[in-house]
Amino acid sequence: SQQGEEDPQALSIQEGENATMNCSYKTSINNLQWYRQNSGRGLVHLILIRSNEREKHSGRLRVTLDTSKKSSSLLITASRAADTASYFCAPAYSGGGADGLTFGKGTHLIIQP
Amino acid sequence: EPEVTQTPSHQVTQMGQEVILRCVPISNHLYFYWYRQILGQKVEFLVSFYNNEISEKSEIFDDQFSVERPDGSNFTLKIRSTKLEDSAMYFCAGEQGPKRAQYFGPGTRLLVL
């Protein structure tokens, strides 16, 4: 399976501001997932958006998906210091079976207090 | 809320020794995964496991690696003869069904000397 590519690689914003990060992928997907990783810790699943969905919300998170452009975005509103982490998108490609997720380098988000 | 657990949290071993990393997935999960993350690098997929057999494996998962779920609870990763380059954080993950959210454990940090 192919990885998603996150952009930007690094993002530093002030607490309270919104953070937007983008993901591009290569082939048809079943769904696309976003994960967060705090330094040295396991990945935490944030949100899953299916290929037939265009937008999804979960708390302060908003994810969009444009399958025609093979891209997704993750918006974190009203950022907090605790949102400082690396964020990864993981496209889950079409086809059956237990496919391992392929992660890119991620977007490293720093929230300045 | 149920969590994935991994033991040990840290392991130091000598090159050439065998190590077994253990994971207890969430009880209603059916698909299981191992990933690794070398310090400063991407999270890499190793192997997926379903219905008591390997479903998919990456190029990293060579003959030195094996997985099993001996008692329907623990999910283990064995490295037969460790190499220096096996030093990494190893994460186990599980999911209820294919193409769904994966839930990761906190990881085992393996250091091979």
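Residues numbered from 1 in each chain as written. Chains lettered and ligands numbered in written order. Predicted model: local features only at pLDDT ≥ 70, side-chain atom pairs only at ≥ 80, totals over all residues. Heavy atoms only, no water.

### Considerations on the overall build of chain B
Here's step 1: For chain B, the helix and strand inventory stands at 0 helices and 11 strands.
Here's step 2: Seen through its C-alpha atoms, chain B measures out along the principal axes to roughly 35 × 30 × 30 Å.
Here's step 3: Relative to all contacts within chain B whose residues are 6 or more apart in sequence, the contacts with residues 24 or more apart total 52%.
Here's step 4: Counting only carbon and sulfur atoms, one obtains 46% of the accessible surface of chain B, whose full area is about 5,800 Å².
Here's step 5: The centroid of the 11 positive side-chain charges in chain B is displaced by 1 Å from the centroid of its 14 negative side-chain charges. (Helix = DSSP H or I, 4+ residues; strand = E, 2+ residues; numbered from the N terminus. Contact = heavy atoms within 4.5 Å. Areas by Shrake-Rupley, 256 points an atom, 1.4 Å probe, with all protein chains shown as cover. Lys, Arg positive; Asp, Glu negative; His and termini not counted. Charge placed at Lys NZ, Arg CZ, Asp CG, Glu CD.)

### Observations regarding the side chain of T108 of chain B
Residue and element names in this part refer to chain B.
Here's step 1: Looking at where T108 falls in the secondary structure, it is placed in strand β11 (residues 108–112).
Here's step 2: Taking the relative accessible area as the measure of exposure, T108 reaches 0% and is therefore buried.
Here's step 3: From its side chain, T108 meets the backbone oxygen of P8 in a polar contact 2.5 Å long.
Here's step 4: Excluding its chain neighbours within four sequence positions, the residues that come into contact with T108 are Q6, T7, P8, S9, L21, A88, M89 and Y90. (Buried < 20%, exposed > 50% of the residue type's maximum accessible area, 1.4 Å probe, protein only. Polar contact = N/O pair within 3.5 Å; in protein donor to acceptor, adjacent residues only side chain to side chain.)

### Observations concerning the packing of aromatic side chains
Here's step 1: Following the criterion strictly, the structure yields 13 aromatic pairs over all chains and no others.
Here's step 2: Aromatic pair F49 of chain B and F75 of chain B: ring centres 5.3 Å apart, planes at 40°, arrangement tilted. Highlighted residues: F49 of chain B in strand β5 (residues 43–50) and F75 of chain B in strand β8 (residues 75–79), separated in sequence by 26 residues. As far as the burial class goes, F49 of chain B and F75 of chain B line up, both buried.
Here's step 3: Within the aromatic cluster, the residues linked to one another by ring pairs are Y35, F88 and F103 of chain A together with Y33, Y35, F45 and F104 of chain B. (Phe/Tyr/Trp six-rings, centres within 6.5 Å; stacked < 30°, edge-to-face > 60°.)

### Section: the pattern of salt bridges
Here's step 1: For the coordinates displayed, the defined rule picks out 3 salt bridges over all chains.
Here's step 2: E55 of chain A serves as the salt-bridge partner of R62 of chain A, at 3.0 Å between the closest nitrogen and oxygen.
Here's step 3: The exposure class assigned to R62 of chain A is partly exposed, which follows from its relative accessible area of 29%.
Here's step 4: In this structure, E44 of chain B engages R36 of chain B in a salt bridge whose closest nitrogen and oxygen atoms are separated by 3.1 Å.
Here's step 5: Residue classification places E44 of chain B among the partly exposed residues on the basis of a relative accessible area of 25%. (Salt bridge = Lys/Arg side-chain N within 4 Å of Asp/Glu carboxyl O.)

### Looking at the sheet that holds β8 of chain B
All names here are of chain B.
Here's step 1: The strand order across the open sheet built from 4 strands is β1-β3-β8-β7, with neighbouring strands paired in antiparallel fashion. Single-partner strands in this sheet number two, and they are β1 (5–7) and β7 (65–68). Strand after strand, the sheet turns through a mean of 15° between neighbouring axes, direction not considered.
Here's step 2: In this sheet, β8 lies alongside β7 in antiparallel orientation, the contact comprising 4 bridges. (Pairing = 2+ DSSP bridges. Axes fitted to C-alpha atoms, helices over the stretch in contact; angles between N-to-C directions.)

### Re the sheet that holds strand β5 (residues 43–50) of chain A
All names here are of chain A.
Here's step 1: Judged by pairing direction, the sheet is mixed, and its 5 strands sit side by side in the order β2-β10-β9-β4-β5 without closing on themselves. Edge positions in the sheet fall to β2 (10–14) and β5, since each has one partner strand and no second. Going across the sheet, the axis of each strand differs from the next one's by a mean of 25°, ignoring polarity.
Here's step 2: As defined by bridge partners, β2 adjoins strand β10 (residues 107–112) across 5 bridges and the pair is classed as parallel. Bridging across to β10, A10 finds its partner in H108.

### Side note on the environment of M15 of chain B
All names here are of chain B.
Here's step 1: Tracing the backbone through its elements, the reader meets M15 in the loop between β2 (10–13) and β3 (19–24).
Here's step 2: Under the relative-accessibility criterion, M15 is labelled exposed at 53%.
Here's step 3: Excluding residues that lie within four positions of it along the chain, M15 makes contacts with T82, K83, L84, V112 and L113.

### Concerning the pairing of strand β4 (residues 29–37) of chain A
Residues and elements named next belong to chain A.
Here's step 1: For β4, a buried count of 7 out of 9 residues is recorded, marking the element as mostly surrounded by other parts of the structure.
Here's step 2: Bridge count for β4 against strand β9 (residues 85–93) is 8 bridges, and the pairing is antiparallel. Residue pairing in the sheet places N31 in a bridge with A92 of β9.
Here's step 3: Sheet topology places β4 next to β5; 7 bridges connect them, and they run antiparallel. Along β5, the bridge assignment pairs R36 with V44.
Here's step 4: Counted along the chain from β4 to the antiparallel partner β5, the turn is 5 residues long, and its residue G40 has a positive phi close to 75°.

So far we have only geometry, and geometry alone does not tell us how the molecule works.
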